[in-house]
Amino acid sequence: MAETSLPKRRSAGAPPRAPASPLLRLLRRSESARGYLMMSPTLLIMTFGIVVPFFILLVISLWTRQGFGFDTTLTLANYGRSWTEPIYGALMLRSFWISGVATVATVLLCYPMAYYVAFHVHRNKMMWIILMTLPFWTSYLLRVFAWKVILGYEGVINSGLMSAGLIDAPLGFLLYSPTAVIITLAHAWAAFAILPLYVSLEKIDKSLLEAATDLGDGPMARFFRVTLPLSMPGVIAASFLIFIPTTGDYITPALLGGPDGAMIGNLIQLQFGAVNNWPMGATLSIVLMLWIAALALVFLLVTRKVQGRIT
Amino acid sequence: MSSYIKRPNRALQLYAVIFLIVLYVPVLFIPLFSFNDSIYVRFPLQGFTVKWYGELWTREPVWNALWNSVKVGLVVSVISTVLGVMAARSITRTRIRGKGALVTFIMMPLVIPGIIFGVALLVLLSRMGVPLSLYTVGLGHLIICLPFAVATLLPRFEGFDPSIEEASADLGENGWWTFWRVTFPMVMPGIVASLLLTFTISFDEFIMAFFLTGTDPTLPMYIWGQLRFPKEFPSVLAMAALILFVSFALVFVAQWVGRKGLEDQE
Amino acid sequence: MKGTSEMASADRFISIRKVSKSFGAFQAIDDVSMDIRQGEFFSLLGASGCGKTTLLRMLAGFESTSKGEIFIDDQPMSDVPPHHRPVNMVFQSYAIFPHLNVRDNIAYGLRKQKLSAARRAEMVEDMLDLIKLPGYGNRKANELSGGQRQRIALARALILRPKVLLLDEPLGALDKQLREQMQLELRALQRQVGITFVFVTHDQEEALTLSDRIAVMAGGKVLQVDTPAGLYETPKTRDVASFIGNMNFFRGTVRRNGSAMAAIEAEGLGTIPMSTAELTKPDGAPVQIGLRPEKFSLSPTRPDTGLAIEGALRTASYMGERSQYYLSIPGKDEPVAVSSPNTHRLIGAQDAPEGQTLWLSWSPEAIVILETD
């Protein structure tokens, strides 16, 4: 009698299906098999797009140019040249120096901003984050172009200052210099610094800061003893995310760097373009990667050690 | 409302405003000078004109390049979003070994200089004898868009309780129907965000395109070509202004939808 | 012929046969076998990590079995995916679809039944009446309170008339008062619909209140399956005894004199005569016995009847309807817990100073002999 208070089930439970092929059975029973299957197209593309090309790049870097073709005997000659000929080392060093300065500048400039949004913005936080990261998603080429317009010999700054009567002749150092490249890189990659910094600051439990204050720390001491150490993962991530891609940049130096601001990326691009020495270009790419990996490792070890000492 | 820690700080406020101005002003010079009636990009401004835009309208190569970029962008955004959904789902919903390593692998293009990808793919394709075309550009874009698609979609999948999908299975729906009746509506904002974002990235992308373009240029490649001619500056400015406007709008909507959706979940 | 097999399957409506489940090196379920009867309210009780939720999820089909087989209504379940199993689940988080309103949530599982829209609406209205939320059909999921979500989750599962309803700590997220009210409603609902309920909880009181039978689990194993009274009064092991309520444990030795007389010589309690039917172990065997705190009576002077010993009061805590005392007795290191109902407004012992001597008395029937592990 109580049974009637519920509507009757029409189909009394579908009968269990007979297991189909072994593959289907594996997929049904094994979660990880399903997981890998769903990941496989992405992994396949990434393998074809990253792993295989790198392998080929490695092989070609061991060849040498011969006229318009390649001498396919394997040799380390290109690596030798990249080490002994000063132009390569000099450009590599300059790339790291320019990227390093740009990275430090970006992280330092973005930290207060991320801090402001994480701790002092209470309404429309999302709006702020979008505003700060929006330019990053738009054309890199056009943003660099915008700086060319601004820093140019007859650009916005020079012509503006001149028409305001502040200077008589255009300031030459603005365009075609490492300074121009650093300014542009710092501006262009700001969003890459802000996001990780913001995330790491936002994650900090506010009661930790209150505890530090309660235990006698003033704002400065609190920042250096609690906030900064806890946001270090964000600082490290931001540094990596800017330093690594910018070392290989060639658009910015090509448009704004001039001869003094050229970076290793321009040289690599030349090997694949005008110079037409693909093996040398491949070698330089690989050397660049190795240097980046080595620097990243050192950076990671140092920050870990420093952090261990602070906390 | 504001606690001791969060009490207002005037200096920081001022810094934030200046920061935003410096972030945006350089980009705003492009539309400003695109309406300037002079082929020189310098102050003082010479007067208002829309003739550079009118000139663009009649240029055949501009339309071709635009169409090429749209084609590549559409295909790349759809493929990378579909693959991103599958990858994000398997990362968050199945117990698979080496998950961390796989995610790192997928995110690798974010931290490797684009030029290295470009030349590596160029070398591979030329060894395989594949002629450069819009397809090769698309492949390059796919590789840099996939991490962004996965990164956009992952939080959506992480943000909702897996037992909601289990409830659907428990109530009699198989995997396919569960996806369409539960998963898809719930990750919809992420999918929209991913589509818009990856389209914009592909549409604006230059580094990969530089190495992988054949005879059909994408719009950024066309612009790069025009930059060599100072007299083309005004028309490039007009084109750049249009592209920036469209990109800003698309990305703004993408971010808004994506983050709004995430906030609603919480 | 058919009749007898159906009779048998009513007792073994859900039959769990030698089931094990491991996640890598971790053994979540360790060789569990038990039967659940048709129409009973069955609870899986245990601390977190004991495997109760894993077992429930295996019944639902969300976890596969590493070894063994589960039968529901005589059907083996290993190859049946969750969406084909005749069971439905109320999730711990309720898993109400946030993008659907209450009506669509409840009707979610009806898609495959090809019902007319009118029939479907009628079924949903019936369910809303059943869970006492009539008129809530158009509410969005985020407009519901915890208790309402819990009812929707129930309705959404019950509308499919499952053979078994699985409930994963469905009352855990509710505050105390609402939880007690929902316990009563859940029990009444189960009686009304007559569906087999398998209920997971870590709350022993909840399990005792609700269940026909309870399986106590620990470390992936089922320690004991019994009725609430059976578990409380005759726990088999020390683990079960201490998980359900409080228990004083005493080590002892069997003393036998021929076959007629048997007794246990227990630390601190002296010699306790036992019936030979209960005490089957040979003379001199070590045993472990248990005595619930409320089985003791306290008195300032030696009682006239029964077994009694003297103890010194260590602490007394007043807990409203009863008071809890700890007394140290000679011959036992740990103090003995005694729970005494406050039948009078104030009992003198509550104000008794520490160290005061009190008499504890008990009857031999209150003794539980535990399996030595």
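Residues numbered from 1 in each chain as written. Chains lettered and ligands numbered in written order. Predicted model: local features only at pLDDT ≥ 70, side-chain atom pairs only at ≥ 80, totals over all residues.

Digging into the overall build of chain B
Counted only if it meets this: In DSSP terms, a helix is any run of H or I states spanning at least four residues, a strand is any run of E spanning at least two, and both are numbered starting from the N terminus. Working definition of burial: number of other C-beta atoms within 10 Å of the residue's own, with buried at 20 or more, exposed at 12 or fewer, and partly exposed in between, all C-beta atoms being placed from the backbone. In this description, a residue-residue contact is defined by the distance between C-beta atoms placed from the backbone, which must lie within 7 Å.
A tally of regular secondary structure across chain B gives 11 helices and zero strands. Along chain B, from the amino end to the carboxyl end, the secondary structure elements read α-α-α-α-α-α-α-α-α-α-α. Projecting the C-alpha coordinates of chain B onto the three principal axes gives extents of approximately 70 × 65 × 30 Å. Taking all 266 residues of chain B together, the buried fraction comes to 48%. Contacts in chain B between residues far apart in sequence, at least 24 positions, make up 79% of those at least 6 positions apart.

Brief notes about the overall build of chain A
Each helix and strand counted, chain A has 14 helices and two strands in total. Reported as C-alpha extents along the three principal axes, the dimensions of chain A are approximately 100 × 65 × 45 Å. For chain A, the residues scored as buried account for 41% of the 311 residues in total. The contacts of chain A with a sequence gap of at least 6 include a subset with a gap of at least 24, amounting to 68%.

A short note on the packing of helix α3 (residues 60-93) of chain B against helix α8 (residues 175-204) of chain B
Residue and element names in this part refer to chain B. Put simply, the rule reads: Each axis is a line fitted through C-alpha atoms, taken for helices only over the stretch in contact, and angles between the N-to-C directions span 0 to 180 degrees. Relative orientations are named as follows: roughly parallel for angles under 35 degrees, roughly antiparallel for angles over 145 degrees, roughly perpendicular for angles from 65 to 115 degrees, and oblique for any other angle. Note: crossing handedness is left-handed where the near helix turns anticlockwise from the far helix by less than a right angle, and right-handed where it turns clockwise. Following the grouping adopted for this structure description, the nonpolar residues are Ala, Val, Leu, Ile, Met, Phe, Trp, Tyr, Cys and Pro, the charged ones are Asp, Glu, Lys and Arg, and the polar ones are all others, Gly among them.
Close contact between α3 and α8 brings their axes to 8 Å; oriented N to C, the two are set at 140°. By the angle between their axes, α3 is oblique relative to α8. Helix-helix and strand crossings are classified by hand; for α3 and α8 the assignment is right-handed. Residues S69, V72, G73, L74, V76, S77, S80, T81, G84 and V85 of α3 pack against I191, S194, L195, T198, F199, S202 and F203 of α8. Tallied by class, the residues present in the contact of α3 with α8 amount to eight nonpolar, nine polar and no charged.

What about the interface of chain A and chain B?
Counting residues at the interface gives 75 residues for chain A and 74 residues for chain B. Residue contributions to the side of chain A that touches chain B peak at 19 residues, all from helix α2 (residues 31-61) of chain A. The class makeup of the residues in the side of chain A that touches chain B is 47 nonpolar, 21 polar and seven charged.

Here we look at the nonpolar core
Threshold: Here, a nonpolar core means buried Ala, Val, Leu, Ile, Met, Phe, Trp, Tyr and Cys residues linked by C-beta atoms lying within 7 Å of one another. The domain boundaries here were taken from an automatic or database domain assignment.
A114 of chain A together with V119 and A240 of chain B are the most contacted members of the largest nonpolar core, which totals 253 residues. Looking at this core, the element that brings in the most residues is helix α6 (residues 134-159) of chain B, giving 13 residues. Domain assignment of the residues forming this core places at least three in each of domain 1 (13-243) and domain 2 (248-344 + 351-370) of chain C. If sequence neighbours within four positions are ignored, A240 of chain B has contacts with L142 and F145 of chain A together with I30 and I223 of chain B.

Topic: the packing of helix α5 (residues 125-137) of chain A against helix α1 (residues 10-34) of chain B
Running from N to C, α5 of chain A and α1 of chain B point in directions that differ by 30°, and their axes come no closer than 10 Å. Considering the relative orientation of α5 of chain A and α1 of chain B, their crossing is left-handed. Here L131, M132 and P135 of chain A of α5 of chain A lie close against α1 of chain B, whose contacting residues are L20, L23, Y24 and V27 of chain B. Partitioned by chemical class, the residues of the contact of α5 of chain A with α1 of chain B number seven nonpolar, no polar and no charged.

Description of the sheet that holds strand β5 (residues 75-76) of chain C
Residue and element names in this part refer to chain C. The condition is simple: Strands were regarded as paired on the criterion that DSSP finds at least two bridges between them.
Reading across the sheet, the four strands line up as β2-β1-β4-β5 and stay open at both edges, with antiparallel pairing between neighbours. With partners counted over all chains shown, the strands left at the sheet margins are β2 (26-36) and β5, one partner each. Judged from the two bridges that link them, strand β4 (residues 67-72) and β5 form a sheet pairing that is antiparallel. Bridge pairing links I72 to Q75 in β5.

What to know about the pairing of strand β6 (residues 87-90) of chain C
Residue and element names in this part refer to chain C. Covered by surrounding structure in β6 are V87 and M89 together with N88 and V90, the residues of both alternating faces. Across four bridges, β6 lies against strand β7 (residues 164-168) in parallel orientation. Directly across from M89, in β7, lies its bridge partner L166.

Examining the sheet that holds strand β11 (residues 248-257) of chain C
All names here are of chain C. Across the sheet, which stays open at both edges, the five strands sit in the order β13-β12-β11-β14-β20 with antiparallel pairing between neighbours. Because the sheet does not close on itself, it has two edges, and the strands there are β13 (270-274) and β20 (368-370). The mean angle between the axes of side-by-side strands here comes to 40°, regardless of whether they run parallel or antiparallel. Relative to strand β12 (residues 261-266), β11 is paired through six bridges, and the arrangement is antiparallel. Bridged to R256 within β12 is A262.

Points about unusual backbone geometry
Here N276 of chain A, not a glycine, exhibits a phi torsion of approximately 55°, which is positive. Within the secondary structure, N276 of chain A sits in the loop between α13 (264-272) and α14 (278-310). The residue D74 of chain C is not glycine, and still its phi comes out positive at about 70°. Counting through the fold element by element, D74 of chain C comes out in the loop between β4 and β5.

Points about the environment of K206 of chain A
Relative to the helices and strands, K206 of chain A is located in helix α10 (residues 206-214). Judged by C-beta crowding, with 13 C-beta atoms within 10 Å, K206 of chain A ranks as partly exposed.

Side note on the pairing of strand β17 (residues 322-328) of chain C
Residue and element names in this part refer to chain C. Taken together, the six bridges between strand β16 (residues 307-318) and β17 define a ladder with antiparallel strand orientation. Each residue of the ladder has a partner; that of S317, found in β17, is Q324. Hairpin connection, β16 to β17: the antiparallel pair is bridged by three residues, and G320 has positive phi, about 90°. The pairing of β17 with strand β18 (residues 336-341) spans six bridges and is antiparallel. Of the residues in β18, the one forming a bridge with L327 is V336.

Notes on the confidence of the model for chain B
Residues and elements named next belong to chain B. Our working definition: You can read pLDDT as the predictor saying how much it trusts each residue, on a scale of 0 to 100.
Across chain B, the average pLDDT comes to 85, with 95% of residues at 70 or higher. Per-element confidence in chain B ranges from a low mean pLDDT of 79 for helix α11 (residues 233-265) to a high of 92 for α3. In the model output, the complex is listed with pTM 0.79 alongside ipTM 0.80.

What about the environment of M107 of chain B?
Structurally, the position occupied by M107 of chain B is in helix α4 (residues 99-107). With 40 residues separating them along the chain, M107 of chain B and P147 of chain B place their C-alpha atoms 5.0 Å apart.

Here we look at the environment of M46 of chain A
With respect to the helices and strands, the residue M46 of chain A is situated in helix α2. Using a count of 23 C-beta atoms within 10 Å as the deciding quantity, one classes M46 of chain A as buried. Ignoring sequence-local partners within four residues, the contact set of M46 of chain A consists of F105, I106, I143 and L146 of chain B.

Quick word on the confidence of the model for chain A
On average, chain A scores 82 in pLDDT, and the residues at 70 or more come to 91%. Mean pLDDT across the elements of chain A ranges from a minimum in helix α1 (residues 22-29) of chain A, with 69, to a maximum in helix α4 (residues 86-120) of chain A, with 92.

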